[in-house]
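Spelled out, the chains give:
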Amino acid sequence: METEEAARLRALAADFAARAGGADADVDLADCALRVGRIGEAGLDVAGAAAQLDALAHEAEPRLRGAAPGLRADRLAAFLFDDLGFRGNADDYYDPQNSYLHRVIERRLGLPITLSILLIEVGRRLGLTIEGVGAPQHFLVRVTADAEAEGVPRYLDPFHGGREIDLDALRDDMARRLSAGRPAAQTGSGAAELFLSAVTKRQILARVLQNLKLAGSRRRDFATALGAAEHLVALTPWALDEIRDRGLIAAQLGLSDVALRDLRTYQEQQPRAPDALQVAHVVEQLERDMPGDRPR
């Protein structure tokens with residue numbers, strides 16, 4: 001039977017998905033990213049947290065005056081990462097708080113993606129075009145400016161103080177990561193360029209939730225992991241892997257009905273999945289543990 005907490009998380013996920021739906025240009029990235037924080041803090045004042053982003057932009061604005069368009073993002077990065085001390089939490093990377101934007105603002109610690117959202121959203125309030133880049137294993141941002149020479153985008157790394165990354169070195173690094181263990185036909189410069197393109201707001205939000213799901217699971221904080229899983233299923237209801245993960249996490253919390261529903265759906269839709277035997281084992285265990293008079 002679903003618990004009160006599980007029902008709360010499901011309701012939050014439905015509200016989140018409604019706000020993250022529609023045209024991607026209409027999605028309020030900051031609002032949705034802040035609402036992820038309600039998974040861990042039910043009474044979070046989302047509007048109050050958004051006001052902190054406004055305040056950061058207001059404080060940064062004098063630093064950007066007179067700067068060339070191509071350098072305004074650098075001025076903002078210097079303000080956030082040098083002056084205010086925002087930094088990547090390398091000491092406790094899998095702390096779930098790193099995925100909550102309001103806690104990133106409060107603690108000035110975060111993940112590559114949440115620090116990128118910070119830079120994107122403060123920059124947006126200042127008229128800057130900063131986009132997320134879903135590079136494998138390490139999220140970055142891409143800066144564009146109409147007046148910049150030849151319109152060549154520049155890449156910054158918020159996790160490491162907003163430092164600029166040389167584009168050729170970045171392409172080579174992406175190609176190396178993508179080629180590891182893969183046939184040559186699946187890698188190369190074309191694949192690397194794809195990962196250096198801007199991602200959508202929904203893709204950014206999904207990656208935040210993936211990180212949170214992993215962080216919760218690693219710490220055996222399955223309530224947090226379930227909240228992230230609920231949001232991911234609500235955001236991408238067609239993603240069978242997310243339905244499976246929600247079922248497996250629900251099983252860890254003793255929510256047998258929820259777990260069986262999701263895992264049976266996964267079995268029906270993915271009968272030849274690579275993990276079919278493992279999922280079948282969990283389903284059999286759950287069925288054995290169910291009371292005899294319960295529907296199966």
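1. Section: the sheet that holds strand β5 (residues 154-157)
Argument step 1. Strand order in the open sheet formed by four strands is β3-β4-β5-β6, and the pairing between neighbours is antiparallel. Two strands lie at the open edges of the sheet, namely β3 (129-133) and β6 (163-165), each paired on one side alone. Each neighbouring strand pair of the sheet contributes to a mean axis angle of 40°, computed without reference to strand direction.
Argument step 2. By the bridge criterion, three bridges tie strand β4 (residues 140-144) to β5 in an arrangement that is antiparallel.

2. A short note on the nonpolar core
Argument step 1. Counting 77 residues, the largest nonpolar core has Leu76, Leu80, Leu118, Ile130 and Leu205 as its most contacted members.
Argument step 2. Take this core: its biggest share by element is eight residues, from helix α10 (residues 222-235).
Argument step 3. Not counting chain neighbours up to four residues away, the residues in contact with leucine 205 comprise Phe16, Ala20, Val27, Leu29, Cys32, Ala33 and Leu235.
Argument step 4. With nine residues, the next largest nonpolar core counts Ala135, Ile165, Leu170 and Met174 among its residues.

3. Focus: the environment of threonine 236
Argument step 1. Positionally, threonine 236 belongs in the loop between α10 and α11 (240-252).
Argument step 2. A relative accessible area of 16% means that threonine 236 is categorised as buried.
Argument step 3. Between the C-alpha atom of threonine 236 and that of alanine 17, which follows or precedes it by 219 residues, the distance is 8.7 Å.

4. Description of the pairing of β3
Argument step 1. Here β3 runs beside β4; their pairing, made up of five bridges, is antiparallel. Looking at β4, one finds that valine 133 is bridged to leucine 140.
Argument step 2. Counting the residues that bridge the hairpin from β3 to β4 gives six residues, and of these glutamine 137 lies at a positive phi of roughly 75°.

5. Details of the pairing of β5
Argument step 1. Side-chain alternation along β5 places Arg154 and Leu156 on one buried face and Tyr155 and Asp157 on a second face that is also buried.
Argument step 2. Inspection of the sheet shows β5 paired to β6 by three bridges, in the antiparallel sense. If you follow aspartate 157 over to β6, its bridge partner there is arginine 163.
Argument step 3. Hairpin geometry of β5 and β6 is characterised by an intervening segment of five residues between the two adjacent antiparallel strands and by a positive phi of about 75° at glycine 161.

6. Description of the side chain of threonine 114
Argument step 1. Counting through the fold element by element, threonine 114 comes out in helix α6 (residues 112-125).
Argument step 2. Looking at threonine 114, the relative accessible area reads 2%, which means it is buried.
Argument step 3. Residues contacting threonine 114, with those up to four places away along its chain left out, are Asn98, Ser99, Leu101 and Val104.

Cut-offs and rules
- Residues numbered from 1 in each chain as written.
- Predicted model: local features only at pLDDT ≥ 70, side-chain atom pairs only at ≥ 80, totals over all residues.
- Heavy atoms only, no water.
- Pairing = 2+ DSSP bridges.
- Helix = DSSP H or I, 4+ residues; strand = E, 2+ residues; numbered from the N terminus.
- Axes fitted to C-alpha atoms, helices over the stretch in contact; angles between N-to-C directions.
- Core = buried A, V, L, I, M, F, W, Y, C linked by side-chain atoms within 4.5 Å.
- Buried < 20%, exposed > 50% of the residue type's maximum accessible area, 1.4 Å probe, protein only.
- Contact = heavy atoms within 4.5 Å.

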